[in-house]
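# Close look at the chain arrangement
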Amino acid sequence: MLVIRNLKAKIEGKEILKGIDLEVKPGEVHAIMGPNGSGKSTLASVIAGRDFAEITEGEVLFDGENLLSMPPEERARRGIFLGFQYPVEIPGVSMVNFLRTALNEHRKYKGLDPVSASDFLKLMRQKAELVEMDSQLTGRSVNEGFSGGEKKRNEIFQMAVLEPRLAILDETDSGLDIDALRIVARGVNKLRSPQNATILITHYQRLLDYIVPDYVHVLYNGRIVRSAGKELALELEKMGYEWLKEESEAL
Amino acid sequence: MTMETIEKDLLPDEKLTAFYEANNQVILSASSDVLNHHRTKALENFRKLGLPKYRSEDYKYLDVPALFRKEYTNYITPGRIEFQIDDIFRCDVPALDTHYAILLNGFYHDHGGSLLELSNGVIVGSLLEASRRYPELVARHYNRYAGLKEEGLVSLNTLFARDGIFVYVPANTTPDKPIQLINIQMHEIPLLLQYRNLIILEENSTAEIIVCDHTLSPQPFLSNAVTEIYAGAGARLNYTKMQNQHNASALINHRYIYQERESHVNSTAVTLHGGIVRNNLFVRMAGEGGTNISSGLFLTDQGQHVDNFTWVEHAAPHCESRQFFKGILDDFSSGAFSGRIVVKPGAQKTNAYQKNNNLLLTNDARMNTRPQLEIYADDVKCSHGATVGQLDKDAMFYLRSRGIGYEEARFLLMFAFANEVLANIPVVPLRARIADLVNKRLRRELSPCNSCPMHCC
């Protein structure tokens, strides 16, 4: 589904990604862990199509097609979803208008008719329940005045409405208390299927107690320095990231 | 009687005064004593003040003499124009049934009587006719507020004004429907129009007024229009203005609002389209406890220029004023905002606020904003803020990352920006209708105004 080969990217002349290789297949959950500043969020943004990094080498393929030449909206319509670390507040654009526009763009891409107003409201209610989001929030402007937890829940809510094939959740767990974390994780787990894949980007092991990954990758200084099964997360939890530094300096 | 008959090498100011002197008998004899009473003084003032100079303090970004240098026929006598109101005008505001008055090229267009007099004493109609039928009432207010700030263009209007719309709401009265004033410009030759509106709300009265400016033929028009509004003690007025003119038009619009004790005036001006638009707004809070809310929104593209100038004067204590102006500028259009809050000595406990936000969609669009405070009292709360920016890149990416295309994402953000001003329009169906027009305008689907079948108000 997603194939990344030797991806290198610079931001303002500084190399942030120094040759990433990663393959994600349908049904898999990958966790990408690593200390702050290792390039996790840059990787997520590059896949979603934010044009802030200069790609200097490598390729990113989605269903065998070159993702890097597509605008972000096309990547989204093909099934990629980025759960933002810092969801953006957009005053004056209502949640309903925003999500209906987005959903209809997805439907148009698939050759389907726009969703009717009543079907859409039904869908909103049903998906809001899934992530236990206060339905009052859907009547407001996008993320405006939402608490940190509400914003994160809203990301999962949008994911539930748009039903992506590949969801990249960037630090969705940061700033969440245990209850909120559990709700978010439950939402993600309910949306898991053999056709879909998820990339969880996280700093802490905590989220992985609730969403069990098939693979764990450690990103450090722009490179994936270790890949293994879910046990790697526990190892990291015990040992911290210090050993990484020593290991990579030794290289 | 056209401007061309006056020598061409004169300055525009001299041309105008020479034209007046050559035609003053025509103007005086066709007018009323009430309106004529002010002309001698107006001529004297105009000679002294002249047209505002380009780059002068209040006209830094608009060259008024250049506008007057173009050839226009000074339209002081209404010509016969075949005009079938039912063919051309269709009110498209759903659920908005109004009493309406039409100005055709600055003269009241008679559609069954030149004054509509309702049983509750409300009068809507021709200013000229009102000044003949109710000379004392009109004289008590006419040209009393337009002098709040000395302005050559206003003296010029007073010098030439022949007609306009008159609205009178007696004390403790509310008209049964909103009042709609429609300015239509339509002629085979370019015209200079100087109409004059007078709106009087006596104490504790309430009114909802909607004003639309339209051009219905492609000729250039230059308007120098004055509207005086008097809000008596405890009166409440909602005033919504829509400007939709073609690119060859120039509209200079002066709105003077005089507010007595505990009056409440909420006015919004939406400039959808227009070649050159200058909106001057002067407010005087003359009595204690009054509230003034003034907002404006303009949308420009190509070479259009919209200039908003405000002057809100707190002359009495315990008043509140809020100004909220926004502009969205596309292509190589330009805009200006100059807003002043003046707090006079003794106007304690004033609460005055001003905000001006602008969105530039291209690198060639230009906006100048000048917020100004002038405070002569020590116990007041005044604030102002101005921004000129571009569409938020983070918000754009957020929308696009959900599958919304670039154009649509841009449109959603522009509309959200504009809609904040529209939220100030209290009448819901009118607000919805204007929102729809703004929506069309932003999508560039609004029909050019000279072929506009008047679907927009």
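Residues numbered from 1 in each chain as written. Chains lettered and ligands numbered in written order. Predicted model: local features only at pLDDT ≥ 70, side-chain atom pairs only at ≥ 80, totals over all residues. Heavy atoms only, no water.

## With respect to the sheet that holds strand E4 (residues 54-62) of chain A
Residue and element names in this part refer to chain A.
- Strand order in the open sheet formed by four strands is E2-E1-E4-E5, and the pairing between neighbours is antiparallel. What marks the edges here is a single partner per strand, and that holds for strand E2 (14-24) and strand E5 (65-66).
- When strand E1 (residues 2-11) meets E2, the two strands line up antiparallel, connected through eight bridges. Across the sheet, the residue bridging to isoleucine 11 is lysine 14, located in E2.
- Together, E1, E2 and E4 form the strand contacts of helix H1 (residues 40-48), whose direction differs from that of E1 by roughly 110 degrees. (Pairing = 2+ DSSP bridges. Helix = DSSP H or I, 4+ residues; strand = E, 2+ residues; numbered from the N terminus. Contact = heavy atoms within 4.5 Å. Axes fitted to C-alpha atoms, helices over the stretch in contact; angles between N-to-C directions.)

## Examining the confidence of the model for chain A
- Taken as a whole, chain A shows an average pLDDT of 91; of its residues, 99% reach a score of 70 or greater.
- Summarising per-element confidence for chain A, the mean pLDDT is lowest in helix H8 (residues 242-250) of chain A (73) and highest in helix H2 (residues 72-77) of chain A (98). (pLDDT = per-residue confidence, 0-100.)

## A word on the environment of B:Glu57
All names here are of chain B.
- With respect to the helices, strands and loops of the structure, glutamate 57 is situated in the loop between helix H3 (39-49) and helix H4 (64-69).
- Overall, glutamate 57 belongs to the partly exposed group, its relative accessible area being 40%.
- Considering only alpha carbons, one finds glutamate 57 and serine 338, 281 residues apart in sequence, at a separation of 9.9 Å.
- Once residues within four sequence positions are removed from consideration, glutamate 57 is found in contact with Arg340, Arg370 and Gln372. (Buried < 20%, exposed > 50% of the residue type's maximum accessible area, 1.4 Å probe, protein only.)

## Overview of the pattern of salt bridges
All names here are of chain B.
- Scanning all chains against the criterion turns up 41 salt bridges over all chains.
- The closest approach of N and O atoms between glutamate 117 and arginine 133, which form a salt bridge, is 2.8 Å. Within this pair, whereas glutamate 117 is found in strand E4 (residues 115-117), its partner arginine 133 is found in helix H6 (residues 127-133), the two being separated by 16 residues in sequence.
- We classify glutamate 117 as partly exposed; its relative accessible area is 37%.
- Overall, the relative accessible area of 40% leaves arginine 133 in the partly exposed class.
- Each of Glu57, Lys60, Arg340, Arg370 and Glu374 takes part in salt bridges that share partners, so that together they form one network. (Salt bridge = Lys/Arg side-chain N within 4 Å of Asp/Glu carboxyl O.)

## A word on empty space enclosed by the protein
All names here are of chain B.
- Within this structure, the stated rule accounts for four cavities of 30 Å³ or more.
- Of the pockets and cavities examined, the largest cavity occupies roughly 80 Å³.
- Lining the largest cavity are 14 residues, with Tyr75, Phe107, Phe160, Arg162 and Gln194 positioned closest to its centre.
- Broken down by class, the residue content of the lining of the largest cavity amounts to eight nonpolar, four polar and two charged.
- Considering only enclosed or pocket space, the second largest cavity measures out at about 60 Å³ in volume.
- Looking at the second largest cavity, the residues that line it are Glu57, Asp58, Tyr59, Lys60, Tyr61, Arg278, Asp307, Phe309, Ala336, Phe337, Ser338 and Arg370.
- Looking at the lining of the second largest cavity, the elements that each hand over two or more residues are strand E17 (305-314) and strand E19 (334-343). (1 Å grid on protein atoms, 1.4 Å probe; cavity = no way out; pocket = protein on both sides within 12 Å on 5 of 7 lines; lining within 4 Å. Points joined across faces, edges and corners; volume = space filled by probe spheres on them. Nonpolar A, V, L, I, M, F, W, Y, C, P; charged D, E, K, R; others polar.)

## Observations regarding the layout of surface pockets
- Considered as a void within the structure, the largest pocket measures approximately 650 Å³ in volume.
- Lining of the largest pocket is provided by 24 residues; of these, A:Asp51, B:Lys393, B:Met396, B:Arg400 and B:Tyr406 occupy positions nearest its centre.
- The set of elements that each furnish at least two residues to the lining of the largest pocket consists of H2 of chain A together with helix H9 (393-400) and helix H10 (406-422) of chain B.
- When residues in the lining of the largest pocket are grouped by element, the largest group, five residues, is from H9(B).
- The class makeup of the residues in the lining of the largest pocket is 13 nonpolar, four polar and seven charged.
- Put simply, the second largest pocket is a space of about 370 Å³.
- Surrounding the second largest pocket, 16 residues form its lining, A:Pro91, B:Leu413, B:Ala416, B:Phe417 and B:Glu420 being those nearest its centre.
- Elements represented by at least two residues in the lining of the second largest pocket include exactly strand E7 (90-94) of chain A together with H10 of chain B.
- Sorting elements by how many residues they give to the lining of the second largest pocket places H10(B) first, with five residues.
- Of the residues in the lining of the second largest pocket, the class split is nine nonpolar, three polar and four charged.

## Structural notes on the environment of B:Lys53
Residue and element names in this part refer to chain B.
- Relative to the helices and strands, lysine 53 resides in the loop between H3 and H4.
- Judged by its relative accessible area of 52%, lysine 53 falls in the exposed class.
- Spatially, the C-alpha atoms of lysine 53 and glycine 152 are 10.0 Å apart, while their sequence positions differ by 99 residues.

## With respect to the interface of chain A and chain B
- Taken together, the 29 residues of chain A in the interface contact 16 residues of chain B.
- With both chains or domains summed, chain A and chain B bury close to 1900 Å², and 67% of this area falls on carbon and sulfur atoms.
- Inspection of the region where chain A meets chain B yields three salt bridges.
- The interface formed by chain A and chain B contains eleven residue pairs in polar contact (both at pLDDT 80 or more).
- Put simply, the parts of the chain that give the side of chain A that touches chain B at least two residues each are H2, strand E6 (80-83), E7, helix H3 (95-109) and helix H5 (148-162) of chain A.
- No other element matches the six residues that H3(A) contributes to the side of chain A that touches chain B.
- For the side of chain A that touches chain B, the residue count by class is 17 nonpolar, seven polar and five charged. (Buried area = accessible area lost by both parts, 1.4 Å probe. Polar contact = N/O pair within 3.5 Å; in protein donor to acceptor, adjacent residues only side chain to side chain.)

## A short note on the packing of aromatic side chains
- Applying the stated criterion across every chain, the model contains 13 aromatic pairs over all chains.
- Between A:Phe98 and B:Tyr398 the ring centres are 5.9 Å apart and the planes differ by 20 degrees, which places this aromatic pair in the stacked class. Remark: B:Tyr398 occurs in helix H9 and A:Phe98 occurs in helix H3; the pair is interchain, linking two chains. This pair shows no difference in class: A:Phe98 is buried, exactly as B:Tyr398 is.
- Here the aromatic rings of B:Phe325 and B:Phe337 are separated by 5.2 Å at their centres, their planes lie at 35 degrees, and the arrangement is tilted. (Phe/Tyr/Trp six-rings, centres within 6.5 Å; stacked < 30°, edge-to-face > 60°.)

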